[in-house]
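A look at the structure
One letter stands for each residue in the lines below.
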Amino acid sequence: MTEYVIEKHVLQVGCSHRHSRGGIAQVLNNYENYVFDDMRFLANSCDGPKLVKALFLCWAVFHFIVKLTFCRAIQIIHIHTSSYFSFRRSVLFARIAKFYGKKVIMHVHSGKFSMYYAESPAFVEQGLTYCDKIIALTPAWKDFFASIVDENRVVVVPNPVPPAPVVEKKTSGKVRFLFLGFVSRDKGAMDLLEMVVNHKGRLTKRARFTLCGNDVDCNVGKNIRENHLGDLVVYRGWVKGAEKQKMFAGNDVLILPSYAEGLPMTIIEAMANGMPVIASNVGGIPDIVNDGVNGTLVTAGNQNELFVAVQKYIKDRNLIVSQGVAALETSRYYMPSNVRERLDEIYKSLIAVVD
């Protein structure tokens, strides 16, 4: 069965990704641009006011039914989901797909899914009964889902990240730390800012922290002004494409002290750029960040551990180089060709059952 035939049989369903921000949108962009030659896709959500989202969902359901009715080649529905309302919406599409006799893959990207399950166990368990396969991002998340459903239905497929151009890093001057993602308390951005404030004297002239992403609830600009952090902290706002690549190339260490994560695209992208990572020991992060090898793991919310980790790279620039090499090697597992191979195996097994 050729790759073209496999793609012909699969319809991807997920958020509108081409002009949206966020992790799942980035994953879907990478699937479209680097994994598949011709990705069939149906958007089931969009950004905007509640009314716009509701109308878009109605249109998406109608369009989905039309596709399943008239496009007989579609055998597999591959749904990309998060948690809470995103999962409830995905279950709706899964139920419709099963009504039409299709195979359903539920690809869970949320770092908060375990919390969601704790709040709504009955709905999650019922929703997953409509799924022939559940894709987890890491072995840790596979173990979580295997505690809910038959482990034979759970498979691991990493998020795809394309290779990055090799850029020679500076070996002198300030150590440059990069935070990239939604600038929110959930992502640990406030912990990072407070850590910098508390240790400003020991970090000045030795480090620079660049924050990139939408400011959700941290008032970054106000914090920089009121705490006189202009020489230490730079806020760039949301970056993408070439501008984001410039941020990776122009910094030394990624820092992401989140409270909950699935498998952050930012970490994989940073590693593909040869950057070691400071990140929280949550979700699927320990499956990619090997403490002391390609980065440093800290406890979410522990600002002292965060400072110690930062100091480690400031004191030993050679560590940035050696761990950067290890990080680059780790990123090879997430290359699009490897992801495509894993997906093809899953698709072929389901199509064989259908046929």
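Bear in mind the structure is a predicted one, so any value in this text is a computation, not a measurement.

Attention now goes to the nonpolar core. In terms of nonpolar packing, the biggest core is built from 76 residues, with F177, L203, F209, I267 and I278 touching the most fellow members. Setting aside chain neighbours within four positions, we find L203 in contact with M195, V196, F209, L232, F307, V310, Q311 and I314.

Moving on to the packing of helix α3 (residues 50-70) against helix α4 (residues 85-99). Between α3 and α4, whose axes approach to 10 Å, the crossing angle comes to 25°. Classed by the angle they form, the pair α3 and α4 counts as roughly parallel. Here α3 runs over α4; the crossing is right-handed. Of the residues in α4, those touching α3 at L57, A60, V61, F64, I65 and L68 are F85, R89, L92, F93, I96 and A97. Of the residues contributing to the contact of α3 with α4, the split by class is 11 nonpolar, no polar and one charged.

The interhelical angle for the contact between helix α8 (residues 189-198) and helix α13 (residues 303-315), taken along N-to-C directions, is 70°, at an axis separation of 9 Å. The pairing of α8 with α13 is recorded here as roughly perpendicular in orientation. Counting all contacts with α8, which are made through D191, L192, E194, M195 and N198, the residues of α13 involved are Q303, L306, F307 and V310. Residue composition of the contact of α8 with α13, grouped by class: five nonpolar, two polar and two charged.

Before going further, it helps to examine the pattern of salt bridges. Scanning all chains against the criterion turns up 11 salt bridges. A salt bridge links E7 to R340, with the shortest nitrogen-to-oxygen separation between them at 2.7 Å. Separated by 333 residues along the polypeptide, E7 in helix α1 (residues 3-9) and R340 in helix α15 (residues 336-354) bring together distant segments of the chain. The pair E7 / R340 is uniform in exposure class, with both members buried. One salt bridge in this structure joins R340 and D344, with 2.8 Å as the shortest N-O distance. Taken together, the residues span about one helical turn, with R340 and D344 both in helix α15 at a distance of four residues. D344 carries the same exposure label as R340, and that label is buried. Salt bridges sharing partners connect three or more residues here, namely E7, R340 and D344.

Among the surface-exposed residues, D143, D150, E151 and D287 lie close enough to one another that they form a single negatively charged patch. Locating D287 in the fold gives a position in the loop between β11 (277-280) and β12 (295-298).

This next bit is on a nonpolar patch on the surface. Together, F62, V66 and F70 give the surface a local cluster of nonpolar side chains, amounting to about 350 Å² of exposed area. With respect to the helices and strands, the residue F62 is situated in helix α3.

A few words on the packing of aromatic side chains. Tallied over the entire structure, the rule returns 18 aromatic pairs. Ring geometry for Y31 and F36: centres 5.8 Å apart, planes at 25°, overall stacked. Taking the relative accessible area as the measure of exposure, Y31 reaches 1% and is therefore buried. Relative to W59, the ring of F56 has its centre 5.7 Å away and its plane inclined at 45°; by these criteria the two rings are tilted. Here W59 and F56 lie together in helix α3, a separation of three residues that amounts to about one turn. Judged by relative accessible area, F56 falls into the partly exposed class, the value being 22%. Using a relative accessible area of 44% as the deciding quantity, one classes W59 as partly exposed. Three or more aromatic residues link up through ring pairs in this structure, and these residues are Y84, F87, F113, Y116, Y117, F123, W141, F144 and F145. We note R88 situated over the ring of F123; from NZ or CZ to the ring centre the distance is 4.1 Å.

A separate point is the sheet that holds strand β6 (residues 154-156). Overall, parallel pairing links the six strands, which are arranged β2-β1-β3-β4-β5-β6 in an open sheet. Every other strand in the sheet has two partners, leaving β2 (41-45) and β6 as the edge strands with one partner each. The sheet shows a mean angle of 25° between the axes of neighbouring strands, taken without regard to direction. Both strand β1 (residues 10-15) and β2 contribute to a ladder of four bridges, which runs parallel. What sits directly across from C15, in β2, is S45.

Reading guide: rules and limits
Residues numbered from 1 in each chain as written. Predicted model: local features only at pLDDT ≥ 70, side-chain atom pairs only at ≥ 80, totals over all residues. Heavy atoms only, no water. Core = buried A, V, L, I, M, F, W, Y, C linked by side-chain atoms within 4.5 Å. Buried < 20%, exposed > 50% of the residue type's maximum accessible area, 1.4 Å probe, protein only. Contact = heavy atoms within 4.5 Å. Axes fitted to C-alpha atoms, helices over the stretch in contact; angles between N-to-C directions. Helix = DSSP H or I, 4+ residues; strand = E, 2+ residues; numbered from the N terminus. Parallel < 35°, antiparallel > 145°, perpendicular 65-115°, else oblique. Left-handed = near helix turned anticlockwise from the far one by under 90°. Nonpolar A, V, L, I, M, F, W, Y, C, P; charged D, E, K, R; others polar. Salt bridge = Lys/Arg side-chain N within 4 Å of Asp/Glu carboxyl O. Patch = residues over 30% accessible without salt bridge, like charges linked within 9 Å, V, L, I, M, F, W, Y side chains within 5 Å. Areas by Shrake-Rupley, 256 points an atom, 1.4 Å probe, with all protein chains shown as cover. Lys, Arg positive; Asp, Glu negative; His and termini not counted. Charge placed at Lys NZ, Arg CZ, Asp CG, Glu CD. Phe/Tyr/Trp six-rings, centres within 6.5 Å; stacked < 30°, edge-to-face > 60°. Lys NZ or Arg CZ within 6 Å of the ring centre and 35° of its normal. Pairing = 2+ DSSP bridges.

Function cannot be read off these values alone, since they describe shape.
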